[in-house]
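Topology and contacts: notes
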Amino acid sequence: MFAAAPIHAVTKHELYDELASQARGLLHGERDRIANAANFASLVWHAVPQINWCGFYFYDGTELVVGPFQGKPACVRIALGKGVCGTAASTRQTQLVRDVHAFEGHIACDSASQSEIVVPLVDGDRLLGVWDVDSPHIARFDADDRSGMERLCAIFIQSLQ
Ligand code: SME
């Protein structure tokens, strides 16, 4: 059985290095999307400080539908191009939002959220969905979080092959 080791990272680089290594171990040998998404969300939730929601929205061919997550109950369906998640999905670009109130069309699922990062999950040409992390602090996420979260998402996508 996999047991997440305590993380004693000092820098963000160390945190994401350690998380990448733990994610590889946690998802190794399992290809089920729901199982891996659930464990991935739990791993990040317990290791990344100052967040109030993290989870998946999967693309069902029409819109985004909420998947495994940690945090308060969330909006179930998001149209492509709507909100931060729908924008990440339609542009296929990571959205780093320092103040969600300044993002036109932001969808407030938890009023505590102040900043947000959303990484599109793309396998080749295929949109799988998005990975969304919210924080109750303004400007919680920076370029290091972007590269770290993108690296973790690549491990998630790889685990499904
Ligand atoms: N804030 C997101 C909606 C999802 S929740 O934050 C969980 C958005 O604008 O897409």
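Structure: see above.
Read on for an overview of the structure. (Residues numbered from 1 in each chain as written. Predicted model: local features only at pLDDT ≥ 70, side-chain atom pairs only at ≥ 80, totals over all residues. Heavy atoms only, no water.)

**Comments concerning the environment of Gly71**
As for its placement among the helices and strands, Gly71 is situated in strand 2 (residues 64–71). Through-space distance from the C-alpha of Gly71 to that of Gln158 is 25 Å; in sequence the pair is 87 residues apart. Once residues lying within four places of it in the same chain are set aside, the contact partners of Gly71 are Trp45, Asn52 and Trp53. (Helix = DSSP H or I, 4+ residues; strand = E, 2+ residues; numbered from the N terminus. Contact = heavy atoms within 4.5 Å.)

**Focus on the sheet that holds strand 6 (residues 126–135)**
Taken in spatial order, the six strands of this open sheet run 3-2-1-6-5-4, and their pairing is antiparallel. Strand pairing shows two members of the sheet lacking a second neighbour, strand 3 (77–78) and strand 4 (95–97), which therefore form its edges. Sheet analysis places strand 2 next to strand 3, joined by two bridges and oriented antiparallel. Within strand 3, the position partnered with Leu64 by the bridge is Ile78. Sitting on the sheet, helix 2 (residues 33–47) is in contact with strand 1 (53–59), strand 2 and strand 6, with an inclination near 155° to strand 1. Sitting on the sheet, helix 3 (residues 83–91) is in contact with strand 1, strand 2, strand 3, strand 4, strand 5 (115–123) and strand 6, with an inclination near 35° to strand 5. (Pairing = 2+ DSSP bridges. Axes fitted to C-alpha atoms, helices over the stretch in contact; angles between N-to-C directions.)

**Quick word on empty space enclosed by the protein**
Gaps between atoms show up when a probe of the same size as a water molecule is rolled over them. According to the stated counting rule, one finds one cavity of 30 Å³ or more in the structure shown. Approximately 120 Å³ is the volume attributed to the largest cavity. Lining the largest cavity are 16 residues, with Ile107, Cys109, Glu116, Asp132 and Asp134 sitting closest to its centre. Elements with a minimum of two residues in the lining of the largest cavity: strand 1, helix 3 and strand 6. Here the residues of the lining of the largest cavity are counted per class, giving eight nonpolar, three polar and five charged. (1 Å grid on protein atoms, 1.4 Å probe; cavity = no way out; pocket = protein on both sides within 12 Å on 5 of 7 lines; lining within 4 Å. Points joined across faces, edges and corners; volume = space filled by probe spheres on them. Nonpolar A, V, L, I, M, F, W, Y, C, P; charged D, E, K, R; others polar.)

**Some thoughts on the site of the ligand**
Residues in close proximity to the ligand total 13 residues, the closest being Val84, Cys85, Ile107, Glu116 and Asp134. The separation between an oxygen atom of the ligand and a polar main-chain atom of Cys85 is 2.7 Å. At 3.4 Å from an oxygen atom of the ligand is found a side-chain nitrogen or oxygen belonging to Asp132. Isolated, the ligand exposes 310 Å² of accessible area, and the fraction of that covered by the protein chains is 99%. More than half of the atoms belonging to the ligand lie within 2 Å of the grid points that define the largest cavity. Every element with two or more residues in the shell around the ligand is listed here: strand 1, helix 3 and strand 6. The biggest single contributor to the shell around the ligand is helix 3, with three residues. (Near = heavy atom within 4 Å. Polar contact = N/O pair within 3.5 Å; in protein donor to acceptor, adjacent residues only side chain to side chain. Areas by Shrake-Rupley, 256 points an atom, 1.4 Å probe, with all protein chains shown as cover. Sits in = over half its atoms within 2 Å of the grid points.)

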